Amino acid sequence: MSKRILAVDDSKTMRDMVSFTLKGAGYEVLLADDGVNALTALTGQMVDLVITDVNMPNMNGIELVEKLRQDPRFRATPILILTTESDDSLKQRGRAAGATGWIVKPFVPEKLLQVVGKVCA
């Protein structure tokens, strides 16, 4: 059974790139365009990993991480932040919220798959 991953990004191009990369490696991919829609997508279903951008409308990625960590179903689910942001204080906020890892865009598909494989193992 393939691992299921939720990819959250307000950029359709980025969602498509992440989805293409992950599906090509055999992962099942769900997509959402912001934190609010991510939470809706997770209603009644589980995922093995969440990959989220930081800067999004309605609910940003840090807020999404905080909401997911408050939900007992997602306390142990790996959450990767995939963003253009590389500021150390923002990375600290992400870690404090409960993010598992941080990847800076643009991403190299092989590197993304390496990290995804590691956190989904």
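Residues numbered from 1 in each chain as written. Predicted model: local features only at pLDDT ≥ 70, side-chain atom pairs only at ≥ 80, totals over all residues. Heavy atoms only, no water.

Peer 1: I'd like a rundown of the nonpolar core, residues and numbers included.
Peer 2: Counting 21 residues, the largest nonpolar core has Leu6, Val8, Val47, Val50 and Leu68 as its most contacted members. Among the secondary structure elements, those contributing two or more residues to this core are strand 1 (4-8), strand 2 (28-32), helix 3 (61-70), strand 4 (79-83) and helix 4 (88-97). For this core, the element with the most residues is helix 3, which contributes 4 residues. Sequence-distant contacts of Val47, defined by excluding residues within four places in its chain, comprise Arg4, Leu6, Leu30, Leu42, Phe74 and Thr77. (Core = buried A, V, L, I, M, F, W, Y, C linked by side-chain atoms within 4.5 Å. Buried < 20%, exposed > 50% of the residue type's maximum accessible area, 1.4 Å probe, protein only. Helix = DSSP H or I, 4+ residues; strand = E, 2+ residues; numbered from the N terminus. Contact = heavy atoms within 4.5 Å.)

Peer 1: Outline the sheet that holds strand 1, listing residues and values.
Peer 2: As summarised here, the arrangement of the 5 strands in space is 2-1-3-4-5, forming an open sheet in which the pairing is parallel. Strands at the two margins of the open sheet, each flanked by one partner only, are strand 2 and strand 5 (101-104). Mean inter-strand twist for the sheet, computed between neighbouring axes without regard to direction, equals 20°. Note: strand 4 against strand 5, 4 bridges, orientation parallel. Note that in strand 5 the partner of Leu80 across the bridge is Gly101. With respect to the sheet, helix 3 is in contact with strand 1, strand 3 (49-52), strand 4 and strand 5, its orientation differing from that of strand 4 by roughly 175°. The sheet contacts of helix 5 (residues 109-120) involve strand 1, strand 3, strand 4 and strand 5, and relative to strand 3 the element is tilted by about 145°. (Pairing = 2+ DSSP bridges. Axes fitted to C-alpha atoms, helices over the stretch in contact; angles between N-to-C directions.)

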